[in-house]
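Single-letter residue listing:
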Amino acid sequence: MRTIYQSTDDFGHTLRALKMTKEGHNDPVYMGLVIQDREVLFRTRENSSRDFVLQKIKEFVAGNAATLASQPA
């Protein structure tokens, strides 16, 4: 497993995409995470592509930006 994308947005969320390849398999699995203060707020696991996982992360953050920003620290 390796991190293929990591960023932090304006609200302090860590946006991370991981690539996992099982031994003996050629097709990787991608996992997308949105993390805040070590809490996983969103997780998706996809077989399709890195870009698809990043799109899912962006959609989650965009759809929940107001809610996530208003959470108490």
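From a predicted model like this one, the values you see are computed outputs, not experimental measurements.

**Side note on the packing of aromatic side chains**
Here is step 1 of the chain: Considering all chains together, one arrives at one aromatic pair under this definition.
Here is step 2 of the chain: An angle of 15 degrees between the planes, with centres 4.5 Å apart, marks the rings of Phe-42 and Phe-60 as stacked. Of the two residues, Phe-42 is situated in strand E4 (residues 39-46) and Phe-60 in helix H1 (residues 50-69); the sequence distance between them amounts to 18 residues. Each member of the pair Phe-42 and Phe-60 is classed as buried.

**A word on the confidence of the model for the protein**
Here is step 1 of the chain: Taken as a whole, the protein shows an average pLDDT of 87; of its residues, 89% reach a score of 70 or greater.
Here is step 2 of the chain: Strand E3 (residues 29-36) holds the highest mean pLDDT among the elements of the protein, 95, whereas H1 holds the lowest, 84.

**Things to note about the pairing of E4**
Here is step 1 of the chain: One ladder, built from seven bridges, connects E3 with E4; its direction is antiparallel. Across the sheet, Gln-36 pairs through a bridge with Glu-39, a residue of E4.

**Concerning the nonpolar core**
Here is step 1 of the chain: One finds Leu-15, Ala-17, Tyr-30, Val-34, Phe-42, Val-53, Leu-54, Ile-57, Phe-60 and Val-61 forming the largest nonpolar core, which totals 10 residues.
Here is step 2 of the chain: For this core, the secondary-structure elements that each account for two or more residues are strand E2 (14-20), E3 and H1.
Here is step 3 of the chain: Of all the elements, H1 adds the most residues to this core, at five residues.
Here is step 4 of the chain: The contact partners of Val-53, leaving out residues within four places of it in the chain, are Ala-17, Tyr-30, Met-31, Gly-32, Thr-44 and Glu-46.
Here is step 5 of the chain: One finds Leu-18, Met-20, Met-31 and Leu-33 within the second-largest nonpolar core, a separate group that totals six residues.

What counts and how
Residues numbered from 1 in each chain as written. Predicted model: local features only at pLDDT ≥ 70, side-chain atom pairs only at ≥ 80, totals over all residues. Heavy atoms only, no water. Phe/Tyr/Trp six-rings, centres within 6.5 Å; stacked < 30°, edge-to-face > 60°. Helix = DSSP H or I, 4+ residues; strand = E, 2+ residues; numbered from the N terminus. Buried < 20%, exposed > 50% of the residue type's maximum accessible area, 1.4 Å probe, protein only. pLDDT = per-residue confidence, 0-100. Pairing = 2+ DSSP bridges. Core = buried A, V, L, I, M, F, W, Y, C linked by side-chain atoms within 4.5 Å. Contact = heavy atoms within 4.5 Å.

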